[in-house]
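Report on the structure
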Amino acid sequence: MLKLDISKAAPAVSADIIDSYAARVAAAQQALEAGTCPGNDFLGWLHLPSGITPAFLADIKQTAAVMRKECDAVVVAGIGGSYLGARAVIEALANSFEWLSRDGSNPAILFAGNNIGEDYLSELTAYLRGRRFGVINISKSGTTTETALAFRLLKKQCEEQRGKDVARRVIVAITDAHRGAARTCADKEGYKSYVIPDNVGGRFSVLTPVGLLPIAVAGYDIEQLVRGAQDMEAQTAVGVPFAENPAAVYAAARHALYTGGKKIEILANYQPKLHFMAEWWKQLFGESEGKDGKGIYPASVDLTTDLHSMGQWIQQGERTIFETVISVETPEHELLFPSDEENLDGLNFLAGKRVDEVNKMAELGTQLAHVDGGVPNLRIAVSRLDAYHLGQLIYFFERACAIHCQLLGVNAFNQPGVEAYKKNMFALLGKPGYEAETEAIRRKTNPQPLQ
Ligand code: PA5
């Protein structure tokens, strides 16, 4: 169960103001349903959960079983939408110390292709030396530089260490059906491969094999994840009355806050395991909204950790922020504070209480302080941090993002701004086909001839 509470976001978000959005949100929902909104060739995510069949999940699980049997470590190579969703779910579900206490039942899931750090890649290849590892190569375009670079290194190492035949079984590609180098390579090498549907953009693709395969390889319940998303698809569908649709109300509240001058949204969690959920959320909203000179800047904090760093800014800095808290109602474990005879630390007033009770009081105390300090608060409560509720959260945010982008008047599904750095990087590296750009950038950055 996911519950949205917008009652602490006044005055920008009052019942009347939210009600005034009903017609606009209904129009946005209709446009999504009818496929008439901007970017309508990328609406495949809208009914993706309800279209997932048991046979499809069984196939993913079968591939995952092969990788789990044949690998002690699996590297997921991908960036942006081809990376963050899987990492968000895996880190939210994993034991925080699993990487220290491997019992051999789950392969280590490692991530690459999301940076070009030479030290990172050197240390990764050193870690993999001598290990039984496999690779999931994820790229919709099949040409993303960060991912392609990492994959070239990993493919070579895997083939050298494990031989071509085993490598063929433990390398899986998730990419376009026809285009791109990742597809060419997968077809030529005979890798098992999955297709990212044309009409599903990267940041909306976590419920395709992009997210489902790594999550299944990590050992988590993809059926429950999908079930959660399916239920949220129904709860946020076009026919659901505005006030009963949490994604619609969240979108309206964000828009009211934005137009009232709150330009930054801080997503706060009180569970360190949600750190990468916030990274995924930042990408979803940042890349979807931030264009045409518009968009809420999505930031995030892990609390209470960051109350000892960013907490000062949130409490008393520029008043252009609002906060959205993801609160997990019941933790997976129970831990009570012990009583201590000497009480040297003075904490006996907490003896017998659950750690989570203290965490919840920290959350409530922070909410009161931030609201008093002029930071409107939206609160999303989920009953538990399990696959089902993560599936709900994912779809909830996707739907809310698509509605809010229409309220803003931007195309949620493109990312033209991402090309600017790529063009410069290719020009600087002398990529064939970029000769004119190389010359132009050389004149701009360095009048000396390039070596
Ligand atoms: O949301 C998006 O479309 C992007 O973040 C992409 O996922 C990211 O750029 C990676 O692209 P690709 O999957 O083509 O390698």
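Refer to the structure printed above.
Computed from a prediction, not measured in an experiment: that's the story for all the values here.

1. Some words on the overall build of the chain
A tally of helices and strands in the chain yields 17 helices and 10 strands. In terms of C-alpha radius of gyration, the chain reaches 23 Å, essentially the compact-globule figure of 22 Å for 451 residues. In terms of its C-alpha atoms, the chain occupies a principal-axis envelope of roughly 60 × 60 × 55 Å. When contacts within the chain are restricted to residue pairs at least 6 apart in sequence, those whose partners lie at least 24 apart make up 78%. Put simply, the chain shows about 20,500 Å² of open surface, and 56% of that area lies on carbon and sulfur atoms. Considering the chain, the positive charge centre built from 45 side chains and the negative charge centre built from 53 side chains are found 7 Å apart.

2. Comments concerning the pairing of strand 9 (residues 321-330)
Most of strand 9 is tucked away, with 8 of its 10 residues classed as buried. With 7 bridges connecting them, strand 9 and strand 10 (residues 377-384) associate as parallel partners. Paired with Val328 across the bridge in strand 10 is Val382. Crossover strand 9 to strand 10 through helix 14 (residues 355-372) is right-handed.

3. As for a negative patch on the surface
Among the surface-exposed residues, Asp340, Glu341, Glu342 and Asp345 lie close enough to one another that they form a single negatively charged patch. Along the chain, the position of Asp340 falls in the loop between strand 9 and helix 14.

4. A short note on the side chain of Asn114
As for its position among the elements, Asn114 is in the loop between strand 3 (108-112) and helix 6 (118-128). At a separation of 3.1 Å, a polar atom in the side chain of Asn114 contacts the side chain of Asn115. Excluding residues that lie within four positions of it along the chain, Asn114 makes contacts with Gly78, Ile79 and Tyr83.

5. Things to note about the site of the ligand
Taken together, 13 residues are adjacent to the ligand, and Ser82, Ser139, Lys140, Thr144 and Gln283 come closest. Contact distances for the ligand include 2.6 Å between an oxygen atom and a side-chain N or O atom of Ser82. Within the contact set of the ligand, an oxygen atom lies 2.6 Å away from a side-chain nitrogen or oxygen of Gln283. Look at the ligand: alone it shows 380 Å² of surface, and the protein chains cover 87% of it. Taking a 2 Å distance to the grid points as the criterion, the majority of the atoms of the ligand fall inside the largest pocket. Looking at the shell around the ligand, its residues break down into 1 nonpolar, 9 polar and 3 charged.

6. Here we look at the packing of aromatic side chains
Summed over all chains, the structure comprises 15 aromatic pairs. Ring centres 5.5 Å apart and planes at 45 degrees place the aromatic pair Trp281 and Phe285 in the tilted group. Here Trp281 and its partner Phe285 are both found in helix 12 (residues 275-289), 4 residues apart, which amounts to about one turn of the helix. Taking the relative accessible area as the measure of exposure, Trp281 reaches 0% and is therefore buried. Looking at Phe285, the relative accessible area reads 0%, which means it is buried. Members of the aromatic cluster, each reached through a chain of ring pairs, are Tyr250, Trp280, Trp281, Phe285, Phe396 and Phe397. Positioned over the ring face of Phe276 is Arg87, at 4.1 Å from the centre of the ring. The ring of Phe426 has Lys431 sitting right over it, with the charged end atom 4.0 Å from the ring centre.

7. Examining the layout of surface pockets
Considering only enclosed or pocket space, the largest pocket measures out at about 960 Å³ in volume. Contributions of two or more residues to the lining of the largest pocket are made by strand 4 (133-139), helix 7 (145-170), helix 12 and helix 16 (419-429). At 5 residues, helix 16 tops the list of elements feeding residues into the lining of the largest pocket. Of the residues assigned to the lining of the largest pocket, the class counts are 12 nonpolar, 13 polar and 11 charged.

8. Notes on unusual backbone geometry
With an omega of 0 degrees, the peptide bond between Ala10 and Pro11 qualifies as cis. As for its position among the elements, Pro11 is in the loop between strand 1 (2-8) and helix 1 (15-19). In this chain, Leu303 is followed by Thr304 through a cis amide linkage whose omega measures 10 degrees. You will see that Asp292, though not glycine, has its phi angle at about 55 degrees, which is positive. Tracing the backbone through its elements, the reader meets Asp292 in the loop between helix 12 and strand 8 (297-302). With a phi close to 50 degrees, Asn343 is a non-glycine residue in the positive phi region. Judged by its relative accessible area of 27%, Asn343 is partly exposed.

9. Description of the environment of Asn115
Summarising the element assignment, Asn115 is placed in the loop between strand 3 and helix 6. Spatially, the C-alpha atom of Asn115 lies 7.8 Å from that of Ile79, the residues being 36 residues apart in sequence. A distance of 2.8 Å separates a polar side-chain atom of Asn115 from the backbone nitrogen of Gly117.

10. Describing a nonpolar patch on the surface
Residues Met361, Leu364 and Leu368 make up a contiguous nonpolar surface patch of about 290 Å² in total accessible area. One can find Met361 in helix 14.

Rules behind the numbers
Residues numbered from 1 in each chain as written. Predicted model: local features only at pLDDT ≥ 70, side-chain atom pairs only at ≥ 80, totals over all residues. Heavy atoms only, no water. Helix = DSSP H or I, 4+ residues; strand = E, 2+ residues; numbered from the N terminus. Rg over C-alpha atoms; globule rule 2.2 N^0.38 Å. Contact = heavy atoms within 4.5 Å. Areas by Shrake-Rupley, 256 points an atom, 1.4 Å probe, with all protein chains shown as cover. Lys, Arg positive; Asp, Glu negative; His and termini not counted. Charge placed at Lys NZ, Arg CZ, Asp CG, Glu CD. Buried < 20%, exposed > 50% of the residue type's maximum accessible area, 1.4 Å probe, protein only. Pairing = 2+ DSSP bridges. Right-handed = clockwise from strand over helix to strand, strands pointing away. Patch = residues over 30% accessible without salt bridge, like charges linked within 9 Å, V, L, I, M, F, W, Y side chains within 5 Å. Salt bridge = Lys/Arg side-chain N within 4 Å of Asp/Glu carboxyl O. Polar contact = N/O pair within 3.5 Å; in protein donor to acceptor, adjacent residues only side chain to side chain. Near = heavy atom within 4 Å. 1 Å grid on protein atoms, 1.4 Å probe; cavity = no way out; pocket = protein on both sides within 12 Å on 5 of 7 lines; lining within 4 Å. Sits in = over half its atoms within 2 Å of the grid points. Nonpolar A, V, L, I, M, F, W, Y, C, P; charged D, E, K, R; others polar. Phe/Tyr/Trp six-rings, centres within 6.5 Å; stacked < 30°, edge-to-face > 60°. Lys NZ or Arg CZ within 6 Å of the ring centre and 35° of its normal. Points joined across faces, edges and corners; volume = space filled by probe spheres on them.

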